[in-house]
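So the chains spell out like this:
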Amino acid sequence: MFWGKLRAREGGLGIESLSLDDHCCDVAACVEALLRLPLIRGMLAACAEFADFTPAHVARLCVFAGLHDIGKFNNGFQRKADPAARATAGHVRELLAICNCDDGRNETFKLCDSISFDELETWGSPETAFYLMCACFAHHGQPIPIGMGFRSDIWKEEGKRDPFQGMAGLMDKLRRWFPEAFQPGLPVFPACPEFQHAFNGLVTLADWIASDTRFFPFISEIPGEDRLTMARRKAKDALGYIGIDIHSSASCLPANPGFEMISCFQA
């Protein structure tokens with residue numbers, strides 16, 4: 001019912017779509033794959049003043065990343081599937097406009113309920129969850145003002161499409177995809193800007209990778225395969241192909257490679 005990506009079919013024969021839940025799954029899987037790399041995980045953990053992240057902490061960051069595009073659940077954005085549609089909307093400013101906006105107070109409550117924000121708040125020190133959510137929402141490369149341009153019309157139920165029910169459905173899937181994230185008693189994330197900025201960069205990179213249809217097709221290549229299973233496999237392949245994960249390349253090197261293997265200059 002909610003699309004996340006659109007593209008023209010080959011030969012101009014209409015438009016095909018990728019569901020919003022599937023795209024969010026792909027991005028979460030890319031964040032997970034990036035955090036499996038010791039250098040990237042260590043750098044982000046250091047920004048959070050952790051010696052390292054546990055698998056459960058990684059799962060929590062994947063849940064945050066999986067919520068990065070929930071602004072696309074608004075009806076103004078969904079109307080963009082029709083080229084002739086009017087009263088369309090974006091998905092970043094429109095979402096952040098709900099926050100800290102008196103006119104949008106009812107929508108603020110619905111948003112928090114839909115994504116179980118009370119539970120997410122327990123994952124960090126005061127306001128950490130809100131800051132990390134904002135870092136995810138601003139995944140297009142620049143800070144976004146909060147509370148500007150609120151439109152209540154795009155968040156109302158329209159036909160069989162309810163934006164907040166869509167968010168709740170995605171949250172239910174994230175619980176199934178990353179169950180470790182919801183175990184109690186973990187050390188909490190800090191509310192430090194360095195961690196927020198670094199996480200924003202990680203989600204931005206993950207979104208770029210997951211939006212590349214060379215790696216993430218709109219339709220599963222294996223009939224009946226779960227989206228997360230496919231997304232994890234594709235994320236691993238993508239990181240190797242673009243050179244972020246060098247393990248496969250390094251395995252081809254001899255035990256003591258010389259400088260001449262990587263350069264035409266003498267050491």
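Refer to the structure presented above.
Residues numbered from 1 in each chain as written. Predicted model: local features only at pLDDT ≥ 70, side-chain atom pairs only at ≥ 80, totals over all residues. Heavy atoms only, no water.

Notes on the overall build of the protein
Link 1 in the chain: The number of helices and strands found in the protein is 12 helices and 2 strands.
Link 2 in the chain: Of the regular secondary structure in the protein, the N- to C-terminal order runs β-β-α-α-α-α-α-α-α-α-α-α-α-α.
Link 3 in the chain: Overall, the C-alpha framework of the protein stretches about 65 × 50 × 35 Å when taken along its three principal axes.
Link 4 in the chain: Burial status across the protein gives 48% buried among its 267 residues.
Link 5 in the chain: Of all intrachain contacts in the protein linking residues separated by at least 6 positions in sequence, the fraction that spans at least 24 positions is 72%.
Link 6 in the chain: Taken as two groups, the 26 positive and 34 negative side-chain charges of the protein have centres that lie 5 Å from each other. (Helix = DSSP H or I, 4+ residues; strand = E, 2+ residues; numbered from the N terminus. Buried < 20%, exposed > 50% of the residue type's maximum accessible area, 1.4 Å probe, protein only. Contact = heavy atoms within 4.5 Å. Lys, Arg positive; Asp, Glu negative; His and termini not counted. Charge placed at Lys NZ, Arg CZ, Asp CG, Glu CD.)

A few points about unusual backbone geometry
Excluding glycine, residues mostly have negative phi values, and the peptide bonds linking residues are mostly trans.
Link 1 in the chain: Phi at glutamate 49 is positive, roughly 65°, even though this residue is not glycine.
Link 2 in the chain: Looking at the element boundaries, glutamate 49 is found in the loop between helix 2 (38-47) and helix 3 (55-66).
Link 3 in the chain: Its relative accessible area of 70% is what places glutamate 49 among the exposed residues.
Link 4 in the chain: Even without being glycine, glutamate 127 reaches a positive phi, approximately 75°.
Link 5 in the chain: Within the fold, glutamate 127 resides in the loop between helix 7 (117-121) and helix 8 (128-137).

Considerations on helix 11 (residues 227-241)
Link 1 in the chain: Between its first and last C-alpha atoms helix 11 spans 21 Å; for 15 residues at 1.5 Å apiece the expected length is 21 Å, and the two agree.
Link 2 in the chain: Those residues of helix 11 that are buried lie in contact with strand 2 (15-19), helix 1 (20-35), helix 9 (163-177) and helix 10 (193-210).
Link 3 in the chain: Its side-chain oxygen 3.0 Å from the backbone nitrogen of leucine 228, aspartate 226 forms the N-cap of helix 11.
Link 4 in the chain: Just downstream of helix 11 lies glycine 243, where phi reads positive at about 90°. (Expected span 1.5 Å × (residues − 1). Polar contact = N/O pair within 3.5 Å; in protein donor to acceptor, adjacent residues only side chain to side chain.)

Details of the packing of aromatic side chains
Link 1 in the chain: By the definition in use, this model includes 13 aromatic pairs.
Link 2 in the chain: Within the aromatic cluster, the residues linked to one another by ring pairs are Phe50, Phe53, Phe189, Phe195 and Phe199.
Link 3 in the chain: A cation sits over an aromatic face here: arginine 7 above phenylalanine 218, 4.2 Å from the ring centre. (Phe/Tyr/Trp six-rings, centres within 6.5 Å; stacked < 30°, edge-to-face > 60°. Lys NZ or Arg CZ within 6 Å of the ring centre and 35° of its normal.)

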